[in-house]
Amino acid sequence: MAASFQSEGDLAAALQALSALGDKIRLDGYGPVPMPRTLRPLGLEGRSILPYALAGALGGGAAFYGMCIYATAYDYVFLIGGRPRFSWPSFVVPSVSFAMLCGCLAVHAALLWLNRLPRLNHPAFNIPDFLRASQDRFFLAAELRGDGTEAARIERRLSSLPVGGGRPLALARIPR
């Protein structure tokens, strides 16, 4: 099921009305601008990419620092000018640089995974006038789980919403 809306407020109201259906449908919203009012009904509020970045940076930095210690203090000891076997200051700068690299790579991998990408074809591209989602329209996509008997119930619920309070401009059933 797909529906188009004139504003973010209408989309948020429709998402709120449909979020009561729970696990029977998977909701998604599309629009030309960031839509903070839709985060709660979509179950995305409070989610952050920060833990992935922090884990990647700390793990990568610790692994690189450990590799430097192992390489210079145990595996290939090369004593120069009275330098101690474990000279930690020389390992800090490259370890921090590698930590930043690993944090960036972790963020990119997490964004691809959380957004279910790469995906060459998405059912939302079959929504009529979906190209307007990047211009002036807001779209709701409700992916039905199971046999699809909920489609009529979703149509009734969206059609019963007040004008300006979540009623869609157009409804469409999209084949998978």
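Remember, it's a predicted structure, so these values are computed and weren't measured experimentally.

Rules used throughout
- Residues numbered from 1 in each chain as written.
- Predicted model: local features only at pLDDT ≥ 70, side-chain atom pairs only at ≥ 80, totals over all residues.
- Heavy atoms only, no water.
- Helix = DSSP H or I, 4+ residues; strand = E, 2+ residues; numbered from the N terminus.
- Rg over C-alpha atoms; globule rule 2.2 N^0.38 Å.
- Buried < 20%, exposed > 50% of the residue type's maximum accessible area, 1.4 Å probe, protein only.
- Contact = heavy atoms within 4.5 Å.
- Areas by Shrake-Rupley, 256 points an atom, 1.4 Å probe, with all protein chains shown as cover.
- Lys, Arg positive; Asp, Glu negative; His and termini not counted.
- Charge placed at Lys NZ, Arg CZ, Asp CG, Glu CD.
- pLDDT = per-residue confidence, 0-100.

**Considering the overall build of the protein**
Link 1 in the chain: Of regular secondary structure, the protein possesses 5 helices and 4 strands.
Link 2 in the chain: Reading the secondary structure of the protein in the N-to-C direction produces β-α-β-α-α-α-β-α-β.
Link 3 in the chain: Its C-alpha atoms give the protein a radius of gyration of 25 Å, clearly above 16 Å, the size a compact globule of 176 residues would have.
Link 4 in the chain: Expressed as lengths along the three principal axes of its C-alpha atoms, the size of the protein is roughly 80 × 30 × 30 Å.
Link 5 in the chain: A total of 176 residues make up the protein; the buried ones form 35% of that total.
Link 6 in the chain: Of all intrachain contacts in the protein linking residues separated by at least 6 positions in sequence, the fraction that spans at least 24 positions is 76%.
Link 7 in the chain: Of the roughly 11200 Å² that the protein leaves accessible, carbon and sulfur atoms contribute 63%.
Link 8 in the chain: Looking at the protein, you have 18 positive and 12 negative side-chain charges, and the mean spots of the two groups are 3 Å apart.

**Examining the confidence of the model for the protein**
Link 1 in the chain: Counting all residues, the mean pLDDT for the protein is 87, and 97% of those residues have values of 70 or more.
Link 2 in the chain: Taking the mean pLDDT of every element in the protein, the minimum, 83, falls on helix α5 (residues 151-159) and the maximum, 95, on helix α4 (residues 89-114).

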